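Fold and contact review
In case you want the letters, here they are:
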Amino acid sequence: MVARSSEVRPSAVRHSASPGVGGRRGRGAGRLAGLGLGGVALLVLLTGCDVGQTFHGFGWPQGGISPESKRMYDLWIASCVAALAVGVFVWGLIFWCVVRYRKRGNALPVQTRYNLPMEFLYTIAPILIVSVLFYYTAIVQTDVDKLSKNPDVTVEVVAFKWNWQFNYRDGQGPDAKTTASTLGTSEVIPVLVLPTNRSIRFEETSRDVIHSFWVPELLFKRDVMPGKIRNVFEVSSLDAEGAYVGRCAELCGSYHAFMNFELRVVSPEKYDQFLAAKQAGKSTQEALTEIGEEPYAETTRPFDTRRTQDNFNPDDVPARTGS
């Protein structure tokens, strides 16, 4: 009789517990719905404010000065928001499972196998997410790499160990002629002067090793290759006047860290005056002074070459003034 009653009691308990299980399932569904609503609310809050400024660009430089830089920045912010939304949803499910299916005794919870809707969801959802990200990435990349037939300004960027030369050209390609040039030295930071509201093409080449032309506010950098390779990119316009530091972003040798330059963005009228002064034989510093700009770089300064009698050059060698 004892054995029979012990066999009946679990059955009775199971039958009497069924409504409780249903209730727990209902509460679990409610929690899951609440989690989904919380994720939607988070997305609404994120899209209703300046997400990039609030979260410091999610590690991406802010303050782009060209339309291309702003498109890349928007793509980065949107990708981070999407990743954050997916992360919040996944973390919520993990914590919900931890709480919902925590151990309450020695009995195992109900085991679910071959849940086709769930398997379909976690297979298709990542594919859809990657496809959407790939689509928008391809759109922005194609737009950023687009070249026009006749840009307003063409600048040849020549890198060498360990400085820069900027040649203002009258056309595109290696056969174009240089109408004015700025050469950096160890004592004078080279200043690249460019106008606002004009399309600008950068043609890059190196005299020795691989360098990299990088202005953080352009949110774009491309390697400067030696030999016959000419890396080319364009910006449709520069939107903000000012002085912006430029750097070599490729480890190129002993003085790589000090291989800086400055991008000086001025009005189109000042740019035309600057170029005319350069073509008249004036130095970059003289031409900058003529248009009312600071003659020397404001965002960076020359490095200490440590040239002494004990290494390779004496201190009394006169400093060059640049060109």
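Scope of this entry: the structure provided in the associated data block. Nothing here was measured: the structure is a model prediction, and the numbers come from that model. (Residues numbered from 1 in each chain as written. Predicted model: local features only at pLDDT ≥ 70, side-chain atom pairs only at ≥ 80, totals over all residues. Heavy atoms only, no water.)

1. With respect to the overall build of the protein chain
Quick reminder of the rule: Each helix is a run of H or I in the DSSP string that is no shorter than four residues. Each strand is a run of E no shorter than two, and both are numbered from the N terminus. Whether a residue is buried, partly exposed or exposed follows from its accessible area with a 1.4 Å probe, protein chains only, as a fraction of its type maximum: under 20%, in between, or over 50%, in that order. Note on contacts: a residue pair qualifies if any of its non-hydrogen atoms lie within 4.5 Å across the two residues. Calculation of accessible area relied on Shrake-Rupley with a 1.4 Å probe; when residues are assessed, cover is drawn exclusively from the protein chains displayed.
Tallying secondary structure elements over the protein chain gives six helices and 10 strands in all. Split into buried and exposed, the 323 residues of the protein chain put 33% on the buried side. Across the protein chain, contacts joining residues at least 24 apart in sequence account for 65% of those joining residues at least 6 apart. Carbon and sulfur atoms form 60% of the exposed surface of the protein chain, whose accessible area is close to 19,600 Å².

2. So, the environment of phenylalanine 166
Along the polypeptide, phenylalanine 166 turns up in strand β2 (residues 163–169). Each C-alpha atom, one on phenylalanine 166 and one on valine 155, is 6.6 Å from the other, the two residues being 11 residues apart in sequence. With near-sequence residues (within four places) excluded, phenylalanine 166 lies in contact with Val155, Glu156, Val157, Ala180, Ser181, Thr182, Pro190, Val191, Leu192, Phe213 and Phe261.

3. Brief notes about the sheet that holds strand β4 (residues 191–195)
Inclusion rule: Strands were regarded as paired on the criterion that DSSP finds at least two bridges between them. Note on geometry: axes are C-alpha line fits, over the in-contact stretch for helices, and angles between N-to-C directions span 0 to 180 degrees.
On the basis of which strands lie adjacent, the open sheet formed by five strands has the order β4-β10-β9-β6-β7 and mixed pairing. Sheet topology places β4 and β7 (220–224) at the edges, where each strand pairs with a single neighbour. Pairwise comparison of adjacent strand axes, ignoring direction, gives a mean angle of 25° for this sheet. Strand direction decides the pairing type here: strand β9 (residues 242–248) and strand β10 (residues 260–266), joined by six bridges, are antiparallel. What sits directly across from valine 245, in β10, is glutamate 262.

4. Topic: the packing of helix α3 (residues 67–100) against helix α4 (residues 116–144)
Going by this rule: The cut-offs work like this: below 35 degrees is roughly parallel, past 145 is roughly antiparallel, 65 to 115 is roughly perpendicular, and the gaps in between are oblique. All amino acids are sorted into three groups, where Ala, Val, Leu, Ile, Met, Phe, Trp, Tyr, Cys and Pro are nonpolar, Asp, Glu, Lys and Arg are charged, and the leftover types, Gly among them, are polar.
Interhelical geometry of α3 versus α4 gives an angle of 170° and a closest axis separation of 9 Å. Of the possible angle classes, the one that applies to α3 and α4 is roughly antiparallel. On α4, the residues touching Glu68, Arg71, Met72, Leu75, Ser79 and Val86 of α3 are Ile129, Leu133, Tyr136, Thr137, Val140, Asp143 and Val144. Across the contact of α3 with α4, the residue classes break down as eight nonpolar, two polar and three charged.

5. A closer look at the environment of glutamate 241
Topologically, glutamate 241 is positioned in the loop between β8 (231–235) and β9. The class of glutamate 241 is partly exposed, set by a relative accessible area of 49%. In contact with glutamate 241, not counting residues within four places along its chain, are Thr196, Val265, Val266 and Ser267.

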